[in-house]
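Report on the structure
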Amino acid sequence: MASVDGLVTSIRRALTEVADPAKAPAMRRYMKSDMPFLGVPKPVRARALEDVFAAHPFTSREEWVAAVLEVWRGAEFREERYAALDLAGRHPRWRGVDLLPVYDELVVTGAWWDFVDEIASRLVGPLLRAFPAEVTPVMRAWARDDDRWRRRVSVICQLGSKSATDLDLLTDAIEANAEDRDFFLRKGIGWALRQHSRVDPDWVRAFVESHPELSGLSKREALKHL
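In this report, the structure presented in the accompanying data block is examined. (Residues numbered from 1 in each chain as written. Predicted model: local features only at pLDDT ≥ 70, side-chain atom pairs only at ≥ 80, totals over all residues. Heavy atoms only, no water.)

1. Topic: the packing of helix α10 (residues 167-177) against helix α11 (residues 183-197)
One can describe the packing of α10 onto α11 by two numbers: an axis separation of 10 Å at closest approach and a directional angle of 155°. Accordingly, the angle class assigned to the pair α10 and α11 is roughly antiparallel. Crossing angle aside, the handedness with which α10 passes α11 is left-handed. Of the residues in α11, those in contact with Leu-167, Leu-170, Ile-174 and Asn-177 of α10 are Leu-185, Ile-189, Ala-192, Leu-193 and His-196. Here the contact of α10 with α11 is built from residues that sort into 7 nonpolar, 2 polar and no charged. (Axes fitted to C-alpha atoms, helices over the stretch in contact; angles between N-to-C directions. Helix = DSSP H or I, 4+ residues; strand = E, 2+ residues; numbered from the N terminus. Parallel < 35°, antiparallel > 145°, perpendicular 65-115°, else oblique. Left-handed = near helix turned anticlockwise from the far one by under 90°. Contact = heavy atoms within 4.5 Å. Nonpolar A, V, L, I, M, F, W, Y, C, P; charged D, E, K, R; others polar.)

What follows is the structure in structure tokens.
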């Protein structure tokens, strides 16, 4: 698709033009990233990409999905993958359950918290709220998957759900991972509970009290603002 190729080229050019190579090593160390950085902070990236996205409208949903995957798969720098996620978060009218395999690819191949948290909260979460009957069973399956990043998604995908949180799903995802020693799962459990405490603090207190198997980290994070 010529238009997709043009967008990909424009994204890479725009990021390169605003990059500060002096910042790249520190960004890479902070993220513990095997993939190098260009040195483009998030606010700078957002401004640069807004013009690019506006200049390259899509003629179809298929073109949009193809662009997301081409930017992601062909990325040489971490900011290019951030750009793919920025692009994936646009066009909410085109969201559908058939995007779950796309999100799954991003989770499994991204395999680090900066990518996975964005995918969970900005992509999977809205899809779950829009199509609960179809997405909930997938999240229950991910909660018990061998891949720890799928499991983290299942735990934190409802961060933006507020009073619409599916407490049965949240409970199931947490209980499936409560005794796992993985730091990112323990931290994710605490984060999910802390976020829900803004809506229902009594439920969170009761949940923590009734689940002694939760790690100290999960409990501290859950009760942080209570």
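2. Some points on the pattern of salt bridges
Counting across every chain of the model gives 16 salt bridges. Between Glu-50 and Arg-90 there is a salt bridge, with its nearest N and O atoms 3.5 Å apart. One end of the pair, Glu-50, is in helix α3 (residues 42-55); the other, Arg-90, is in the loop between α5 (78-88) and α6 (100-110), with 40 residues separating them in the sequence. Take Glu-50: its relative accessible area is 41%, and that puts it in the partly exposed class. Relative accessible area serves as the criterion here: at 25%, Arg-90 is assigned to the partly exposed category. Notably, a salt bridge pairs Arg-78 with Asp-114, separated by 2.7 Å at the nearest N-O pair. Residue Arg-78 is located in helix α5, and its partner Asp-114 is located in helix α7 (residues 113-130); the two are separated by 36 residues in the primary sequence. With respect to class, Arg-78 is no different from Asp-114; both count as buried. Here the residues in one salt-bridge network are Asp-104, Asp-145 and Arg-150, joined through shared partners. (Salt bridge = Lys/Arg side-chain N within 4 Å of Asp/Glu carboxyl O. Buried < 20%, exposed > 50% of the residue type's maximum accessible area, 1.4 Å probe, protein only.)

Just geometry here; none of it tells us what the structure is for.
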